[in-house]
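If you want the building blocks of each chain, they are given just below.
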Amino acid sequence: CGVFGVYAPGENVAKLTYFGLYALQHRGQESAGIATFDGDTVHLHKEMGLVSQVFNETILNKLPGYLAVGHTRYSTTGSSRVVNAQPAVIDTRLGKLALAHNGNLVNTAALREELLYQHKLVTTTDSEVIAFAIAEEVDAGKEWLDGAISAFRRCQGAFSLVIGTPVGMMGVRDPNGIRPLVIGTLDSDPQRYVLASETCGLDIIGASYLRDVEPGEVVLINETGLSSFQWSQQPQRKLCIFEMIYFARPDSVMNAESLYSYRMRIGRTLAKESYVDADIVIGVPDSGIPAAIGFSQESGITYAEGLIKNRYVGRTFIQPTQTMRESGLRMKLNPLKDVLEGKRVIIVDDSIVRGTTSRKLVKTLRDAGAIEVHMRVSSPPVTHPCFYGIDTDTQDQLIAATKSVDEIAKLLEVDSLAYLSQAGMLQATQQDTNNFCSACFNGDYPISIPEQVKRSKLI
Ligand code: 5GP
Ligand code: SF4
Ligand code: MG
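Rules used throughout
- Residues numbered from 1 in each chain as written.
- Chains lettered and ligands numbered in written order.
- Predicted model: local features only at pLDDT ≥ 70, side-chain atom pairs only at ≥ 80, totals over all residues.
- UniProt positions renumbered as here; feature names shortened; annotations may be inferred.
- Helix = DSSP H or I, 4+ residues; strand = E, 2+ residues; numbered from the N terminus.
- Buried ≥ 20, exposed ≤ 12 C-beta atoms within 10 Å, placed from the backbone.
- Contact = placed C-beta atoms within 7 Å.
- Near = placed C-beta within 6 Å.
- Nonpolar A, V, L, I, M, F, W, Y, C, P; charged D, E, K, R; others polar.
- Core = buried A, V, L, I, M, F, W, Y, C linked by C-beta atoms within 7 Å.
- Domains from an automatic or database assignment.

Looking at an unreviewed UniProt entry, one finds the protein named Amidophosphoribosyltransferase and attributed to Aliterella atlantica CENA595. UniProt annotates the protein under Catalytic activity (unreviewed entry) with the comment "5-phospho-beta-D-ribosylamine + L-glutamate + diphosphate = 5-phospho-alpha-D-ribose 1-diphosphate + L-glutamine + H2O". Its UniProt record, at the heading Sequence similarities (unreviewed entry), says of the protein: "In the C-terminal section; belongs to the purine/pyrimidine phosphoribosyltransferase family."

Below you can see the structure in the form of structure tokens.
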């Protein structure tokens, strides 16, 4: 999911949030929503669909206020229905609360059970559980910040939150900082703050990057500025490496460089690790392209565009069924015969999850006249499901969970197949390699997962 927030009295906060969400659209395409605080009133609009489908000028004009919270949703917990759209807006003793969540809790069931406000839940999402946990603490007599912190301490899993309250806006990350969240300031007024899942959400509205919300930190933003509180005793950085490889936008900055640069670098590493002679290197648009360019630069093999993407088709993995997924791919990528005919082709993609995309692509390339197809993947084999907010499916659906690289190569009908090594992936971050979650590649989950939750996804 994508989360966004802005505290800026005197600005059109709904419009700023609209554009912020527009830049974060890739993080969730199922539903979109904006809540604005306007004195004691909260205005809310949320609907199924893309940001541009959900909002127009007329609707945005009905969302006045000085503070806004926005969300684009991609479901990992709870079904794809409008009630599950966010922000979640609920009543408390101290007024309304609006919450936008990116991530996934692993103790939702237990938290639900112990929630006094269980009967008030109207959705099936973990995000609403967090909202009611805060409401419960506040209603029991705590002030906003204390109440929220008590609720965060009850949550296990991944959560980057933007929360609107009558006393200001909060930005929070779980103690491992699994999902990103950044702070920016409006260039027009550096006392006005913005929160966004990624820096591309700041760029679009001309805001400047200030810093990340740190793992285990909550920031409170209001008329007195920004104050910070460390609410977790044991923060330990474990940023999702998949954000860097695939999920986040290439123009977003993490660890002081664009993800485009990181993705080029893993392409170079991949070329060092698994060079093969060929005539051209192509990338699978859009996510495989930076790594393909890196592969080409390192190997000296010419980079070319071999597949053209229809820009207006969403990510194939958003489609809920296998059949839709397969037809979705046909709609999405068209081969360039003139480029591919008679060539030995290296095709680079960022990941193989189920293998559906790759199998079809290889066939597409051969039909277009490629005489050899070598597949290179700029991440290691995905062997484990994610419990922290990326929809990598159940383990039995992951092709690398049960098959060796050779078996996968046969299934995909490629002339050769190689994946990036785990060490290559982590070293290319140029950061402490302990600072990342890479559980979907090695099963080493940094936040322990309750047995019955594990059983729901593991073979
Ligand atoms: P698959 O191997 O499942 O057919 O799809 C792999 C392609 O989907 C890659 O091109 C990759 O860009 C994209 N992808 C990346 N992350 C995910 C994910 O979390 N889930 C799924 N299903 N696809 C993803
Ligand atoms: Fe990211 Fe994989 Fe960890 Fe999930 S399991 S948070 S996708 S690295
Ligand atoms: Mg892709």
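Structure shown, so let's carry the discussion forward.
Undergrad: Is there a simple way to explain the overall build of the protein in this structure?
TA: Helix and strand content of the protein: 18 helices and 24 strands. Structurally, the protein occupies a C-alpha span of about 70 × 45 × 40 Å along its principal axes. Classification of the 459 residues of the protein by burial places 52% in the buried group. Excluding contacts between residues fewer than 6 apart, the proportion of contacts in the protein whose partners are at least 24 apart in sequence is 69%.

Undergrad: Honestly, the site of ligand 2 in this entry has me stumped. Any pointers?
TA: In the neighbourhood of ligand 2, the contacting residues comprise Ile178, Cys240, Ile241, Phe242, Cys386, Tyr388, Ile390, Thr392, Cys437, Ser438, Ala439 and Cys440. Where the shell around ligand 2 is concerned, the elements lending two or more residues are helix H8 (241-247) and helix H17 (439-442). Of the residues assigned to the shell around ligand 2, the class counts are 10 nonpolar, 2 polar and no charged.

Undergrad: Any chance you could explain the nonpolar core here in plain terms?
TA: One recurring pattern in soluble globular proteins: nonpolar side chains tend to sit buried together. Ranked by size, the top nonpolar core spans 138 residues in total, and within it Ile130, Val281, Val345 and Ile347 carry the most contacts. For this core, the element with the highest residue contribution is helix H5 (residues 126-139), accounting for 8 residues. If you count residues domain by domain, this core takes at least three from each of domain 1 (2-237) and domain 2 (261-457). Apart from residues lying up to four places away in sequence, Val281 is in contact with Ala292, Phe295, Ser296, Ser299, Ile301, Thr302, Tyr303, Ile346 and Val348.

Undergrad: I would appreciate a short explanation of the UniProt feature "active site" (unreviewed entry) in the protein in the present structure.
TA: When the UniProt feature table is mapped onto this chain numbering, "active site" (unreviewed entry) sits at Cys1. Residue placement: Cys1 occurs in the segment before strand E1 (2-7). Cys1 sits in the buried class, given 24 other C-beta atoms within 10 Å. When neighbours within four sequence positions are excluded, Cys1 is seen to be in contact with Arg27, Gly28, His71, Thr72, Arg73, Tyr74, His101 and Asn102.

Undergrad: How do you make sense of unusual backbone geometry when you look at a structure like this?
TA: Looking along the chain, the bond that leaves Gln86 and enters Pro87 is cis, with omega of 5°. Examined against the element boundaries, Pro87 turns out to sit in the loop between strand E4 (67-73) and strand E5 (88-92). Asp286 follows Pro285 through a cis peptide bond whose omega is -15°. You can see Asp286 is positioned in the loop between strand E17 (280-283) and helix H10 (289-299). The phi angle at Asn255 is positive, at roughly 50°, despite the residue not being glycine.

Undergrad: What's the story with the UniProt feature "binding site: Mg(2+)" (unreviewed entry) in the protein in this structure? I'm lost.
TA: Within this numbering scheme, the UniProt entry marks Ser287, Asp349 and Asp350 as carrying the feature "binding site: Mg(2+)" (unreviewed entry). Spatially, the listed residues are clustered: although they cover 64 residues, their C-alpha atoms lie within 6.9 Å of one another. By secondary structure assignment, the location of Ser287 is in the loop between E17 and H10. Among all residues touching Ser287, those that are not within four sequence positions of it are Tyr246 and Asp350. Relative to the helices and strands, Asp349 resides in strand E21 (residues 344-349). Setting aside residues up to four positions removed in sequence, Asp349 forms contacts with Val284, Gly288, Ser358 and Val377.

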